[in-house]
Each structure stands twice: as structure tokens, then as C-alpha cells.
Amino acid sequence: MTEKTAGFDADAVRHYLSGLRVKIVGALERFDGKQFKRDAWERGMSCVIEEGNFFERGGVNFSHVTGDELPPSATAHRPELAGRPWEAMGVSLVLHPRNPYCPTAHANVRCFVAYPAPGDAPDAPPIWWFGGGMDMTPYYGFEEDARHFHQTCKDALAPFGEEVYPRYKRWCDEYFFLKHRNEPRGIGGVFFDDLNEAGPAGLSEQQLPWSFGKCFNLLQAVGNNFIDAYLPICEKRRDMPYGERERDFQAYRRGRYVEFNLVWDRGTLFGLQSKGRAESILMSMPPIVKWRYDWSPDKGSPEEKLYRDFLRPREWV
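Just so we're clear, the structure is a prediction, and the values are computed from it rather than from any experiment.

1. Some points on the overall build of the protein
- For the protein, the helix and strand inventory stands at 10 helices and 11 strands.
- Taking 20 Å as the expected radius of gyration for a compact globule of 317 residues, we find that the protein reaches 20 Å, a close match to that expectation.
- Expressed as a percentage of the 317 residues in the protein, the buried residues total 56%.
- Within the protein, contacts between residues at least 6 apart in sequence are counted, and of these 70% link residues at least 24 apart.
- Taking the average location of the 41 positive side-chain charges in the protein and that of its 45 negative ones, the two points are 4 Å from each other.

2. What about unusual backbone geometry?
- Phi angles above zero are rare outside glycine, and Glu51 is one such case at about 55°.
- Here Glu51 lies in the loop between β4 (44–50) and β5 (55–67).
- Unlike most non-glycine residues, Asp294 shows phi in positive territory, near 50°.

3. Side note on the environment of Met89
- Mapped onto the fold, Met89 is located in strand β6 (residues 86–97).
- The spatial distance from the C-alpha of Met89 to the C-alpha of Arg78 is 19 Å, given a sequence separation of 11 residues.
- Dropping the residues within four chain positions of it, Met89 is found in contact with Ala10, Val13, Arg14, Leu17, Ser63, His64, Val109, Arg110 and Cys111.

4. Focus on the packing of helix α1 (residues 10–32) against helix α6 (residues 226–237)
- Where α1 contacts α6, the two axes come as close as 12 Å, and the packing angle between them is 10°. When the axis of α1 is compared with that of α6, the two are roughly parallel. Of the residues in α6, those touching α1 at Ile24, Ala27, Leu28 and Phe31 are Ile227, Leu231, Cys234 and Glu235.
- The residue inventory of the contact of α1 with α6, partitioned by class, reads seven nonpolar, no polar and one charged.

5. Examining the sheet that holds strand β7 (residues 104–114)
- On the basis of which strands lie adjacent, the open sheet formed by seven strands has the order β3-β4-β5-β6-β7-β8-β11 and antiparallel pairing. Every other strand in the sheet has two partners, leaving β3 (37–41) and β11 (188–195) as the edge strands with one partner each. Each strand axis lies, on average, 10° off the axis of its neighbour in the sheet, ignoring direction.
- Direction of pairing for β7 relative to strand β8 (residues 127–137): antiparallel, over a ladder of 11 bridges. Across the sheet, Val113 pairs through a bridge with Trp128, a residue of β8.
- Strand contacts of α1: β3, β4, β5, β6, β7 and β8, with the helix running at about 170° to β5, the strand carrying the most contacts.
- Strand contacts of helix α4 (residues 164–175): β8 and β11, with the helix running at about 100° to β11, the strand carrying the most contacts.

6. Focus on the side chain of Glu246
- Along the chain, the position of Glu246 falls in helix α7 (residues 244–263).
- Despite its burial, Glu246 pairs with no opposite charge, the nearest such side chain being Arg245 at 5.3 Å.
- If we ignore the near neighbours within four places in the chain, the residues touching Glu246 are Pro100, Tyr101 and Tyr140.

7. Considering a nonpolar patch on the surface
- A contiguous nonpolar surface patch, about 350 Å² in accessible area, is contributed by Leu262, Val263, Trp264 and Leu282.
- Within the secondary structure, Trp264 sits in the loop between α7 and α8 (266–273).

8. Description of the side chain of Arg98
- Tracing the backbone through its elements, the reader meets Arg98 in the loop between β6 and β7.
- Judged by relative accessible area, which is 18%, Arg98 ranks as buried.
- Reaching out from Arg98, the side chain makes a polar contact with the side chain of Glu51 at a distance of 3.2 Å.
- At 3.1 Å, the side chain of Arg98 forms a polar contact with the backbone oxygen of Gly52.
- Dropping the residues within four chain positions of it, Arg98 is found in contact with Glu51, Gly52, Asn53, Phe54, Phe55, Glu56, Tyr242, Arg247 and Gln250.

9. Some words on the packing of aromatic side chains
- Overall, the coordinates contain 30 aromatic pairs when judged by the stated rule.
- Ring geometry for Phe54 and Phe55: centres 4.8 Å apart, planes at 85°, overall edge-to-face. No difference in accessibility class separates Phe54 from Phe55, as the two residues are buried.
- Consider the rings of Tyr175 and Phe176, whose centres lie 4.8 Å apart with planes at 90°: the pair is edge-to-face. In this pair, the class of Tyr175 matches that of Phe176, namely buried.
- Taken together, the ring pairs connect Tyr168, Trp171, Tyr175, Phe176, Phe191, Phe192 and Phe260 into an aromatic cluster.
- Across the ring face of Trp171, the terminal group of Arg167 is positioned such that the distance to the ring centre comes to 4.6 Å.
- One cation-aromatic arrangement involves Arg237 over Phe142; the distance from NZ or CZ to the ring centre is 3.7 Å.

Calculation criteria
- Within each chain, residues carry numbers counting from 1 in the order of the written sequence.
- Selection of residues for local features in this predicted model requires a pLDDT of at least 70, selection of side-chain atom pairs for listing and counting requires 80 or more, and totals for whole chains, interfaces and linings are taken over all residues.
- Working from all heavy atoms in the structure, the side-chain values ignore hydrogens and water.
- Strands here are runs of E lasting at least two residues and helices are runs of H or I lasting at least four, both read from the DSSP assignment and numbered beginning at the N terminus.
- We take the radius of gyration over the C-alpha atoms and set the globule estimate at 2.2 Å times the residue count to the 0.38 power.
- Burial status follows relative accessibility: with a 1.4 Å probe on protein chains alone, a residue under 20% of its type maximum counts as buried, one over 50% as exposed, and anything between as partly exposed.
- Residues are treated as being in contact if the distance between any of their heavy atoms lies within 4.5 Å.
- Just so you know, the count uses Lys and Arg for positive and Asp and Glu for negative, and it drops His and the chain ends.
- For charged residues, the charge sits on one atom: NZ in Lys, CZ in Arg, CG in Asp, CD in Glu.
- Axis definition: a line fitted to C-alpha atoms, limited for helices to the stretch in contact. Angles are taken between N-to-C directions and run from 0 to 180 degrees.
- Our angle categories are set so that under 35 degrees counts as roughly parallel, over 145 as roughly antiparallel, 65 to 115 as roughly perpendicular, and the remainder as oblique.
- Gly falls in the polar group here, along with every residue not listed as nonpolar (Ala, Val, Leu, Ile, Met, Phe, Trp, Tyr, Cys, Pro) or charged (Asp, Glu, Lys, Arg).
- We treat two strands as partners when DSSP finds at least two bridges between them.
- Throughout this description, the term salt bridge denotes a Lys or Arg side-chain nitrogen within 4 Å of a carboxyl oxygen of Asp or Glu.
- What goes into a patch is any residue over 30% in relative accessible area without a salt bridge, connected to like charges within 9 Å or, for nonpolar side chains (Val, Leu, Ile, Met, Phe, Trp, Tyr), within 5 Å.
- Methods summary: accessible areas were calculated by the Shrake-Rupley approach with a probe of 1.4 Å, and residue burial reflects only the protein chains presented.
- Polar contact is defined as a pair of N or O atoms within 3.5 Å, subject to the rule that within protein one atom must be able to donate a hydrogen and the other to accept it, and that residues adjacent in sequence are counted only when both atoms are side-chain atoms.
- Aromatic pairing here means that ring centres of Phe, Tyr or Trp (its six-membered ring) are within 6.5 Å. Orientation follows from the plane angle: under 30 degrees is stacked, over 60 is edge-to-face, and everything else is tilted.
- Charges are assigned to positions over rings by a cutoff of 6 Å between ring centre and Lys NZ or Arg CZ, combined with an angular limit of 35 degrees from the ring normal.

This is the structure:
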């Protein structure tokens, strides 16, 4: 596969992503006080913490996967990718704190490129795009935490145009939504996909095209700002006392997290269908989960407040 062609530089992306994994894991280890287990495999590195001082489970993956032909789920809506050799690389993470007053968080930054198929002109350009984002799932909502998370996302994307954050914020609200439950997974954040020369959807013709460098810079802005968006919230809430009631509700809400990842998440489906490592793909699952039949929170309770005030799309900043 060609490493650098038509402005696309796979080596630069791979170098950034592998370094981001090291940076994020280092920050999380300093916060928790316990080391992550490093588990190298042929397509990447999985870093996992279980029963930490703060994180009940957390995982940070770097993966670099290649193939000669994409699975049907990837070409159903992109038939121009059929028959092309490809590579995908990214950093993905999910963090499940033990304290129910500290939210679960997810982030992902990734790159995909499909190279010319056999029989194509040798100088045919590759098809590439970036995707990713970050989002937060609280069990007990705090307005200032949601504002901080979204303000950090907004500030990270501000250099790329004032229309980018609102677009990616709406996309996040729409994507992390459990259609079968008719409820959001959490308070959102930002989400984007298919970012290439066409830029974010909704830009005027005068603002196009975007260069590979500008798209790559946006990816880095998201990846580099996750720690600043999330860890200050954990620091503020980590010592809040909790009991069996809060842990029970946390386990119930974690069930929604499992449902989304197994039913709706495109990354999970692509990873499994492209013969990715199941142990690494499914590290996002929380360690303790509960389901109840037809449960609803008590009126006036903190649990009802989460559903009433936080589990609905709204403008946080």
C-alpha cells in the first residue's frame, strides 16, 4: 500500500495516533494511581485497567487494520469502495469510573483510506476520511459538568469555523441515541465522520475544499482535548459519597451503554466483521450491569432528574 499519495500521509496519521494512545494512558495512570495492562497484538495495542483506584474498568486501544476487500457492511452504502485494498487506524477509549457521580466517557479518533483497486490507474487517488469525537454519559447530572465538557469541545473546534461545533454536536446527539428506547445515551459531545476535502457538511462553497492537513488538524484537536474535557469533572466528583442505591442505578444505566454498543454502534460492527480482535473491541463493556423489567424512577428523585433534565438534546453552551 502507498504510504503517501495525493496529499494523504498515512505515516503521519499513524505516528500521531500511536503517540496519542501513550499520552492519554499516561494521564489516566497518573489520575488513577494504578498502571494499565499493556496487551500488544498483531494489529495494535490494548491498554486496560480493571479494579483501579478510581476506574472500575477502562480501556484505551490503538489499532491499525488492513485488508484486501471490505466487508459487506462497509460497502453497502459506499459501493465505490468495493474491491479496494484498505487500511483503518484509530485510538478508541471507554472509561467506567466506580463512583456513580462520575460519568462514563467515550472518545475515538480514526482514519480510513481505500487505495486504488487492481486494474485502476496506478496514479488514481485514494479515498480517505477521518472520523471520531467524544461523548459523556452521566448517571447523576450536574449542569456545570455538562457545560464544561461541551465548552471544551466547542473551544477545540473553534479554529475550524463557528459552524463546526454546532454541526458535530447535533450529529453526536443523533448518533448516540437508542432508537429502540427512544432516549439519548448521555449528554453527547461531538461526533463526526467522512471528513475529507468536502469538509464538514453544511459549509459554503467558498469554504471548500479542505486540505488533508486541515482535516488532520481537526482530528488532532479532538484527540488532544479529551483529557481536558473529562478529567477535571472526575477530579471534582471522585470523593462524593455514594451508597447501594446509586450503585444500583449506575448498573441499570450501564445496561443502556451495552445495548447501544451491541445494537447500533458502527465501529463495533465494523471491527467484528473485519476480523478485529474481539477482546479489544468489547473492552468497552462495563464490568457490572443490570437490567430490570419496565422500570421507571421515582418522581422527584435524582434518578428522575437525569431523565427529565439531562437525557434529552439541549444546548449546553
